[in-house]
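Descriptive structure summary
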Amino acid sequence: ITITALGQALIYGTAPNTNALLNTTYSFFCSDGCSSSVITAGPSFSFSGGPGMSASGNYRAGNWTITPSGVTVSNAYTINYVTGTLAVAARALTLSGLAALDKTYDGTTAATLTGTAALNGAVGGDTVTLAGTATGSFATRQAALGKTVS
């Protein structure tokens, strides 16, 4: 009997750890054609090998190994386990609270920003710090109304 942990993918902070474990599924293969009804207990799953846990208790972005275990069967079958991968993608944060001031043409793309920057989208329980000085620039140095600043 081969029990294979099926891979999962999620974005950091979108599912509590218990949901990631509860949503782990597996495939079953028996070389002599037996059915999964021979399983009397299990499987259970654990995650390991990733970049650690965050302050909010989430799996950090990166790849984790999903290890199945704990299967018992009603007959004397040999049980083989095949690991899977939990792929956790980084969560995108957005910046708000800044605006570009009007500008007198000076031949450059430099933009002067005003306001107080704020990060949006952080997961509760995590400490996220925004530091440094915000800078902006116009896409071109030509004068125009409503130009985008990046």
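This text goes with the structure placed above it.
Residues numbered from 1 in each chain as written. Predicted model: local features only at pLDDT ≥ 70, side-chain atom pairs only at ≥ 80, totals over all residues. Heavy atoms only, no water.

**A word on the sheet that holds strand β8 (residues 80-82)**
Taken in spatial order, the three strands of this open sheet run β3-β1-β8, and their pairing is mixed. This sheet does not close on itself; its edge strands, each paired only once, are β3 (26-29) and β8. Ignoring which end each strand starts from, the neighbouring axes of this sheet average 20° apart. Pairing geometry for strand β1 (residues 2-5) and β8, over three bridges, is parallel. Counted as the bridge partner of T2 is N80 from β8. (Pairing = 2+ DSSP bridges. Helix = DSSP H or I, 4+ residues; strand = E, 2+ residues; numbered from the N terminus. Axes fitted to C-alpha atoms, helices over the stretch in contact; angles between N-to-C directions.)

**With respect to the state of the cysteines**
With the rule as written, the count across this model stands at one disulfide. Between the sulfur atoms of C30 and its disulfide partner C34 the distance amounts to 2.0 Å. On the sign convention where negative means left-handed, the S-S torsion of about 115° between C30 and C34 marks this disulfide as right-handed. One exposure class covers both C30 and C34, and it is buried. (Disulfide = S-S within 2.5 Å. Buried < 20%, exposed > 50% of the residue type's maximum accessible area, 1.4 Å probe, protein only.)

**Thoughts on the sheet that holds strand β2 (residues 8-11)**
Strand order across the open sheet formed by four strands is β2-β9-β6-β5, with mixed pairing between neighbours. Edge strands, defined here as strands with exactly one partner in the open sheet, are β2 and β5 (44-48). If you compare each strand with its neighbour and ignore which way they point, the axes differ by 25° on average.

**Digging into the side chain of S54**
Here S54 is to be found in the loop between β5 and β6 (62-69). Separated by 3.4 Å, the side chains of S54 and D126 make a polar contact. (Polar contact = N/O pair within 3.5 Å; in protein donor to acceptor, adjacent residues only side chain to side chain.)

**Some points on the packing of aromatic side chains**
Scanning the model with the defined rule gives three aromatic pairs in all. Judged by centre distance (5.1 Å) and plane angle (70°), the rings of F47 and Y59 are edge-to-face. Residue F47 is located in strand β5, and its partner Y59 is located in the loop between β5 and β6; the two are separated by twelve residues in the primary sequence. Each member of the pair, F47 as well as Y59, carries the same accessibility label: buried. Seen in terms of ring centroids, Y59 and W64 are 4.7 Å apart; in terms of plane orientation they differ by 70°. Their pairing is edge-to-face. Accessibility assignment for this pair places Y59 and W64 in one class, buried. (Phe/Tyr/Trp six-rings, centres within 6.5 Å; stacked < 30°, edge-to-face > 60°.)

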